[in-house]
Each structure stands twice: as C-alpha cells, then as structure tokens.
2 protein chains.
Amino acid sequence: MDSVEKKFLKLGAENAPGQEGRQNNDAMNLVGDRIPGRSVDFSHGDVDAFQPIPGSLDNFVEGVQVGGKQAYTEYRGSKEIREITAGKLAAFTGSKKIDPEKNLIITPGTQGALFLAMGSVISRNDKIAIVAPDYFANRKLVEFFEGEVVYIEMDYFHSVSGAGLNLEKLEEAFKAGVKLFLFSNPNNPVGVIYSPDEIREIAELAQAYDVQIIVDELYSRQVFEGHSYTHLAAQNILNPENLITIMGPSKTESLSGYRLGVAFGSSEIINRMEKLQAIVSLRAGGYNQAVLKTWFHEPEGWMAQRIAQHQAIRDDLVTKLRSIQGFKVRSTEAGSYLFPKVPELTVTIEEFVKILRIQANVIVTPGTEFGPEFTDSFRMNFSQDHSAAVEAIDRIGTVVKGYRK
Amino acid sequence: MDSVEKKFLKLGAENAPGQEGRQNNDAMNLVGDRIPGRSVDFSHGDVDAFQPIPGSLDNFVEGVQVGGKQAYTEYRGSKEIREITAGKLAAFTGSKKIDPEKNLIITPGTQGALFLAMGSVISRNDKIAIVAPDYFANRKLVEFFEGEVVYIEMDYFHSVSGAGLNLEKLEEAFKAGVKLFLFSNPNNPVGVIYSPDEIREIAELAQAYDVQIIVDELYSRQVFEGHSYTHLAAQNILNPENLITIMGPSKTESLSGYRLGVAFGSSEIINRMEKLQAIVSLRAGGYNQAVLKTWFHEPEGWMAQRIAQHQAIRDDLVTKLRSIQGFKVRSTEAGSYLFPKVPELTVTIEEFVKILRIQANVIVTPGTEFGPEFTDSFRMNFSQDHSAAVEAIDRIGTVVKGYRK
C-alpha cells in the first residue's frame, strides 16, 4: 500500500454529517417496528426552518450585476468586502486591529479556512494538539498533512465553570514540543464555552511555549442567556502573528449554501493561506463574496430573535433527553449542538445511528467522529423545526428501549 | 527553515493571473511616456465583454428557493445535478459510461477538481510528469504534495500537426517510474490541440507502463474552424480506473464567478476526491451547483456565436502580434489563449509584464509561470472586448520598442 492510499484510509467520510445517503443499509437487524414521524436531520441545521439572513440573495444578485470585478477577485477575496468585513469583525471580537490588506482572507466556508490555515502551518511529523471531543475534521486535517495528533481531553461533564479542558495536559503537550493548538469555541460537539480563565491560560501557555493557535469561533454569535464569550484575539497575551481566528455565516446566519468563511490574524499565515487558496480553488465564489455584506448587518432584532428561538428549542430538547433513562447531557451554552451520552447498548454507536435513521427517520452523527473514545455519544444540531425536533426525541427514546443492554 | 516554510517559498502567487494588484510598483525605470488607452486585463477572460450563459442566475435563484436540500448536498455534489451532468458529459466526450453515482464529482471550479485529483493520487517523492509549458498551477500542485516534477517538452513552434509533445521523452519518463501524467488539452497557455495520434500514443504509453492520467479539458468546447478535438476518455485504450478528466463552465461559458467544475472517470480516485473535498471545503457551493443545469444547455446558436466571436478576435490579434518586429506566435486552435514569444529585451519578462501594466494599462502573465524556461513569452487570454484587445496590442508594440535589445 503506498502512502497516499494509507492516508485516505484514515479519511473516511461515510459517517460524516450529510453523507448518510451513501451508507450501506443492508443486514441491519431492527428490534421493533419503524416509528412514523416527520423526518429530522440533526446532522446539520435546517435552513428551511431557519432561513438565511433576509437580503442575502439580493446581495448575491448585486454581485452578479457588478460583473467581472466581482467574479475575479484577488485570491484572498474582494478588497471592498475585506474592508467592510474587517471592521465588523474587529468590533465584534474586540481585536485591536484587523488590517483588511494583511490580516484577513475570505474562504469557501469555515471548512475552507480551517483547511488553508492547517495546510499553512503543519509540516510532516509536527505535533498538533486538538481537543477531545472536537469538530470531526480537525483530526482528519492533521492526518492529511501528516502531523501527529496529540489529544487534550475536555471533561465537560465535571467542569463547573468553563469547558473543562485539561490545562495540565495542555502544558505537558506544549512542553513536549507541540507546534499548533487547534480548538473550537464554543466547542463543537458539546456546545460549551471556554471560560475567561481557560482562554487566558491557553493564551499564556501558547505564548510561553511559542505555540501557534487556530481558534474556530464559528458559533460565537449564538450565546445563550446567562453566558458570556471570551475572544482569544482580544486578550493581547499571545503574539498576534501566532494566532488565526476563524468565523463564518454558515450556522446561526444559515448561509451555508453560499460557502463563505473568513480567517483573520497572523499576516504571515494569511499570506500562506492565500498562496494555498490559489491552487486549491482560486477564491471563494466571487459573486458569493458579496453576500458577506449582509453579515453583522442583519435587520434590527433578527439575531436576538434567532438566538431566543434556538434557546427555546434547546430547553425542550435538554429536558426531553434527560427524561430518557440512562441519557446524560450537558446543556448548550452557545451554538446549536447537543452531545448526549447514551446508556450501554447492544449495538455500536455507528450501528445505533443507522438504526435511528432507518427505524425512526432521525439522523444524528456518531460520537466517534469527534474523538475515538466517544463510543457512547452522538451529536445533534438542534437548529430545526421546533416541534419536529421535540417529536424526534420521543422517537429516539422509543428506539433506545429496543437496544438497551 | 522548516519544511512547510520551504514548501510555501515555492508557491509564490505574486505573478499569478489576477494578483497583479498586490505587486510592488516602485523603482520601475520606464522608457518613454505612459500610453493612454482602454485598460485590458489579458490575465483572464472579461466576463463583462462575454457574459455568462443566459439563465445562469435564474438557475442559482431556483437553487436558493429549493432551500436546505440544495444548500447541503453530498460532498460530491447534488445527486440530481450529477445525473443531469453525467449524461451531458458522456454525450459530449463520447465516453462509454459515466455513472453519476460513482464516476463524477462536482467541485469548486476546475481548480478545485485539479487540486482534489492531484491530492488523491500523489504520494511524497512520486515522480509526476507535466508538460512545459502548461497551466501554472500544475507545477505548484506537484510541489505542494511533495512530488517530483518531470517536465515533458512541447515543441509547439515546430510541430506541423498536433501539439508537438516529445513522446520519446514521455516514454523515457514513464519507464523511469513516473506515476502520473497531467496535461491540459487544449494546452494552456499555447492554445494548441493534441492530435488524434498524440492522444492515442499517450494513452497507449500510459496503459503499457501503468501510469495514471489527469487530463484538463477546460477549453475543449471552444474549438476553432479547421480543427478537431480528441477526448482521451473515449479512446478505450487506457484502463478507465487510471483516468480522470476535468472540465468546467468557467471559461467559454463565463461562469467563473460561480466556481464550478467537474471531474469524471476513475471511481476509486473520485471516492478519494470526495473524502478530500470533505475536509477542504465540504462541497462546491450548494446553490451554485444548480447553475450547472444551464451548462451544455445554452440557447440555440449561443455557443456557435461565442466561438465565432473568439475566432475573429484571435485572427486580428495573431495578425497584429506577428506584425510587431521580433514577435512570434502560434495561432490558437482551441480556447482563448495566445502565448507570444518576444524578441530579446533589456528587462526580464516579469519586469516587462509590470512595465506593460504601468505604462500601457495592459495586463498579461509572464511565461515563467508556465515553465521556468519561458523567459521570453507571455500569455494572453483574448476573451476580451474585441476593439479594446486590438488597441492593446498596438500599445504592446509601442512599449516593446523602448526595451528591445
């Protein structure tokens, strides 16, 4: 087997969210009947239930009307859109200065930003620290670039304040030569926010050991009542040339269909990301970039209402999930994810996920996508039709009865 | 310097088409005055002069209206759009069978297709054969994936029929262990078509030496009078699992602003490309994919007229270029590129390109982007306003006088 073959064996996408349609369905032994009900796909948000920011399509159409200048932007994105976006991001995150010429790149989604940032930093055999659990692509990116994954555990069930990151383990890893630390905040899949102390300590450790940080803040606008959010970029502890922050309008704002994201921070890393973008896909779709005008420029009250609606769904789902015997779940602090832990089952979590899909018309993502040890958890994106989501939890409760050990 | 730093040093994008705005302009010693005239950017086609296929924006808007299903397609692209597209590509190329489930992926532009295909095949230290001259990203892709570039020369000025590829050199390279051969047909930057004999021999050699082939057929619909085109995929010589063909609607069809491309062929390579897509940018923009409905479905006569208009521009430009003392150019057979050779100058080709931009408002791409030895050539994309393009050649003729050796 050659090395590219080995690399792709580790890159399985079969259980990745949205790929369920490509799974092999045969030979599943179902216990009990199929349970009727409205199909709910918790693998990602439902942009029909929560529609894109009003005016986003108008911005796209205006982009098309601008013509060639909008179709062929610089690889790092349209200068005008970078200027508008940099100001909004500096204001939102409290970052001292985001120079639109040097410190910002527009990418095809935050996935694009992650790929470009990781590819710009990782050399073969570099030690890269990632959190367990965290976004499923993080591990795959390290493996694709032939780095070495160092997991830092997050004890999210036992932390009283903050995410519960093991900071001693993080320091040990930094001491042992980790080059880069990548984490999502709020955490995907758990939906918890790192506390100000955790963020300060992460920044201090990275500064002390000269470690680079990529922080994925995709869901940082959707913070629920009683919680506050700390932007690492605003701490002024870490050398800003060692930091990249990633955001985008794909989630709360429901603009995923436009494939837009941004990365800001280190000018050196942004330069490399642009060079890589040039050979990966040239640029984020030119006309699509114009849609960023609507971002952080939503109609008055729109964002507050969206957050309130999600908080209401969260409340109902958390209550329902906790009422299923053996289920355990930490309530979401920000973002649209829940990561319930299930009781011991007679089937693997991957099998359980398939069963749920076939028997109850409910799609969730197995915990093992987020770290190898999460064999007893699954992720749900609850940005869904409220009542359909609630009903789906009832079906999950029924299905689980048939497979309890 | 660590290995990622070295890698990025080779990935310079400063002279890449479209990046001219980021160049340092100081300290250029201009000979003579600035020459007024309409600015022409020959680094890429002008989608204001040649507008996107009628109806493409309508297809996008319909995609937005479809909603979540269109926003979140499988990573390889919407099943419905793959089905429509596979049939059209099989008919156009004469390929026996393109199974939309197995043999086709929709990508963010043909650049995306190239990146994913190369990343799916190249292991570190693999020998990869590419043509000199050929598309500027080919070399960079091999270097990014840490393969070893083996150049195969194309003697385009002396070939009487065909592109002039050195087939003996190609066989030697295959014998010496080349794993993959990548080439564009029609060739970018020269605009020549490989003859049926050349294509047959390439396929036979690859089959004999078990070499994989990626053929970039981006411009294969825009074939001028008196020429015919041979699709490698239709030859049934090479094992179809060793072949990937790349196409897209960014050029002749002017849809570059939508970032759409496709790759078809080997199911194994397409599988890997999808896994890689999952971590690179998830998918081609969901709504954007809907625009592929318009591809190969243009209004009656639209494509014929577009080709005729380009042929007329080509004729005028070739005549004009040949009238400049010391210029030499092979006439385009397909596509929108010309790759004139200039007389000996007192400045390097990169300097000359900057001078042209500053002194004459004309942007072209230095030949060195297409192969290190092309220090005496530049590339022009003549998909431009006809009269503006013609006038720009006059200005090039005037500027060249000041820098002739």
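Calculation notes
- Residues numbered from 1 in each chain as written.
- Chains lettered and ligands numbered in written order.
- Predicted model: local features only at pLDDT ≥ 70, side-chain atom pairs only at ≥ 80, totals over all residues.
- Heavy atoms only, no water.
- UniProt positions renumbered as here; feature names shortened; annotations may be inferred.
- Helix = DSSP H or I, 4+ residues; strand = E, 2+ residues; numbered from the N terminus.
- Rg over C-alpha atoms; globule rule 2.2 N^0.38 Å.
- Buried < 20%, exposed > 50% of the residue type's maximum accessible area, 1.4 Å probe, protein only.
- Contact = heavy atoms within 4.5 Å.
- Areas by Shrake-Rupley, 256 points an atom, 1.4 Å probe, with all protein chains shown as cover.
- Lys, Arg positive; Asp, Glu negative; His and termini not counted.
- Charge placed at Lys NZ, Arg CZ, Asp CG, Glu CD.
- Expected span 1.5 Å × (residues − 1).
- Least-squares fit on C-alpha atoms with pLDDT ≥ 70 in both.
- Domains from an automatic or database assignment.
- Buried area = accessible area lost by both parts, 1.4 Å probe.
- Salt bridge = Lys/Arg side-chain N within 4 Å of Asp/Glu carboxyl O.
- Core = buried A, V, L, I, M, F, W, Y, C linked by side-chain atoms within 4.5 Å.
- Phe/Tyr/Trp six-rings, centres within 6.5 Å; stacked < 30°, edge-to-face > 60°.
- Lys NZ or Arg CZ within 6 Å of the ring centre and 35° of its normal.
- Pairing = 2+ DSSP bridges.
- Polar contact = N/O pair within 3.5 Å; in protein donor to acceptor, adjacent residues only side chain to side chain.

- As recorded in an unreviewed UniProt entry, chain A goes by Aspartate aminotransferase and comes from Oceanobacillus sojae.
- Heading Cofactor (unreviewed entry) of the UniProt record for chain A holds this comment: "pyridoxal 5'-phosphate".
- Taken directly from UniProt, the Sequence similarities (unreviewed entry) text for chain A runs: "Belongs to the class-I pyridoxal-phosphate-dependent aminotransferase family."

### A closer look at the overall build of chain A
Logical step 1: Counting its secondary structure elements, chain A contains 13 helices and twelve strands.
Logical step 2: Rg of the C-alpha trace for chain A: 21 Å, near the compact-globule value of 22 Å for 405 residues, within the 12% margin.
Logical step 3: In terms of principal-axis extent, the alpha carbons of chain A reach across some 60 × 50 × 50 Å.
Logical step 4: Counting the 405 residues in chain A, one finds 65% classified as buried.
Logical step 5: Within chain A, contacts between residues at least 6 apart in sequence are counted, and of these 76% link residues at least 24 apart.
Logical step 6: Counting only carbon and sulfur atoms, one obtains 47% of the accessible surface of chain A, whose full area is about 14100 Å².
Logical step 7: Across chain A, 43 positive and 52 negative side-chain charges occur, with their mean positions spaced 2 Å apart.

### Focus on helix H11 (residues 302-323) of chain B
Residue and element names in this part refer to chain B.
Logical step 1: The terminal C-alpha atoms of H11 lie 32 Å apart, and with 22 residues this matches the ideal 32 Å at 1.5 Å per residue to within 8%.
Logical step 2: Among the residues making up H11, those that are buried are Trp-302, Met-303, Arg-306, Ile-307, His-310, Gln-311, Ile-313, Arg-314, Leu-317, Val-318 and Leu-321.
Logical step 3: Elements that come into contact with the buried residues of H11 comprise strand S9 (337-338), strand S12 (378-381) and helix H13 (386-403).

### Some words on the relation of the copies chain B and chain A
Logical step 1: Laying chain B over chain A is done by rotating through 180 degrees and shifting 0.0 Å along the axis; what remains is an RMSD of 0.0 Å. This pairing of chains is accounted for by a two-fold axis.

### What to know about the domain arrangement of chain A
All names here are of chain A.
Logical step 1: Parsing chain A into structural domains produces domain 1 (3-51 + 301-403) and domain 2 (59-294).
Logical step 2: Each of domain 1 and domain 2 has a C-alpha centre, and these two points are 25 Å apart.
Logical step 3: The interface of domain 1 with domain 2 comprises 39 residues on the first partner and 34 residues on the second.
Logical step 4: Summed over both sides, the interface of domain 1 with domain 2 buries roughly 3400 Å², with 58% coming from carbon and sulfur.
Logical step 5: Along the contact surface separating domain 1 from domain 2 lie two salt bridges.
Logical step 6: The salt bridge partner of Lys-7 is Glu-146, with a shortest N-O separation of 3.5 Å.

### Regarding the nonpolar core
Logical step 1: A:Phe115, A:Phe181, B:Phe115 and B:Phe181 are the most contacted members of the largest nonpolar core, which totals 144 residues.
Logical step 2: Among all residues touching A:Phe181, those that are not within four sequence positions of it are A:Ala129, A:Val131, A:Ile152, A:Leu165, A:Leu170, A:Phe174, A:Ile202, A:Val211, A:Gln212, A:Ile213 and A:Ile214.
Logical step 3: Formed by 125 residues, the second largest nonpolar core is a distinct cluster that contains A:Leu321, B:Ile349, B:Val362 and B:Ala392.

### Topic: the packing of aromatic side chains
Logical step 1: Applying the stated rule across the entire model yields 53 aromatic pairs over all chains.
Logical step 2: Here B:Lys7 stacks its cationic end above the ring of B:Phe144, 4.4 Å away from the centre of that ring.

### Observations regarding the sheet that holds strand S12 (residues 378-381) of chain A
All names here are of chain A.
Logical step 1: Ordered in space as S9-S12-S11, the three strands form an open sheet in which the pairing is antiparallel. The open sheet terminates on both sides in strands that have one partner only, identified here as strand S9 (337-338) and strand S11 (365-366).
Logical step 2: Pairing of S9 with S12 involves two bridges; the strand directions are antiparallel. Note that in S12 the partner of Tyr-337 across the bridge is Asn-381.

### Re the UniProt feature "domain: Aminotransferase class I/classII large" (unreviewed entry) in chain A
Logical step 1: Within this structure's numbering, the places UniProt gives as "domain: Aminotransferase class I/classII large" (unreviewed entry) are residues 70-396 of chain A.
Logical step 2: Annotated as 38% helix and 14% strand, the span residues 70-396 of chain A places its first and last C-alpha atoms 47 Å apart.

### Overview of the pairing of strand S6 (residues 212-216) of chain B
Residues and elements named next belong to chain B.
Logical step 1: The buried fraction of S6 amounts to five of the five residues, a majority that puts the element mostly inside the structure.
Logical step 2: On S6, burial covers both faces: Gln-212, Ile-214 and Asp-216 on one face and Ile-213 and Val-215 on the other are all buried.
Logical step 3: Note: strand S5 (residues 180-184) against S6, five bridges, orientation parallel. Looking at S6, one finds that Phe-181 is bridged to Ile-213.
Logical step 4: Inspection of the sheet shows S6 paired to strand S7 (residues 243-247) by four bridges, in the parallel sense. Across the sheet, residue Ile-213 finds its bridge partner in S7, namely Leu-243.

### Structural notes on helix H4 (residues 79-93) of chain A
Spacing of three or four residues puts side chains on the same side of an α-helix, whose turn is 3.6 residues.
All names here are of chain A.
Logical step 1: Along its 15 residues, H4 runs 21 Å from first to last C-alpha, staying within 8% of the 21 Å computed at 1.5 Å per residue.
Logical step 2: When H4 is considered as a whole, its buried residues turn out to be Ile-81, Arg-82, Thr-85, Ala-86, Lys-88, Leu-89, Ala-90 and Thr-93.
Logical step 3: For H4, the elements touching its buried residues are strand S2 (104-107), strand S7 (243-247), strand S8 (261-265) and helix H10 (286-289).
Logical step 4: The opening residue of H4, the one whose side-chain oxygen lies 3.3 Å from the backbone nitrogen of Glu-80, is Ser-78.
Logical step 5: The positive-phi residue at the C-terminal boundary of H4 is Gly-94, with phi of around 75 degrees.

### Some words on the side chain of B:Ser184
Residues and elements named next belong to chain B.
Logical step 1: On the secondary structure map, Ser-184 appears in strand S5.
Logical step 2: Polar side-chain contacts of Ser-184 include one of 2.4 Å to the side chain of Asp-134.
Logical step 3: One polar contact links the side chain of Ser-184 to the main-chain amide nitrogen of Asn-188, over a distance of 3.1 Å.
Logical step 4: Once residues lying within four places of it in the same chain are set aside, the contact partners of Ser-184 are Asp-134, Tyr-194 and Asp-216.

### Examining the interface of chain B and chain A
Logical step 1: In this assembly, 71 residues from chain B lie in contact with 71 residues from chain A.
Logical step 2: Taking both partners together, chain B and chain A bury about 5800 Å²; carbon and sulfur atoms supply 59% of that area.
Logical step 3: Sorting the residues of chain B by area buried against chain A places B:Arg22, B:Tyr72 and B:Ile279 first, and these three jointly supply 13% of that buried surface.
Logical step 4: Between A:Arg124 and B:Glu146 there is a salt bridge; the shortest N-O distance is 2.5 Å.

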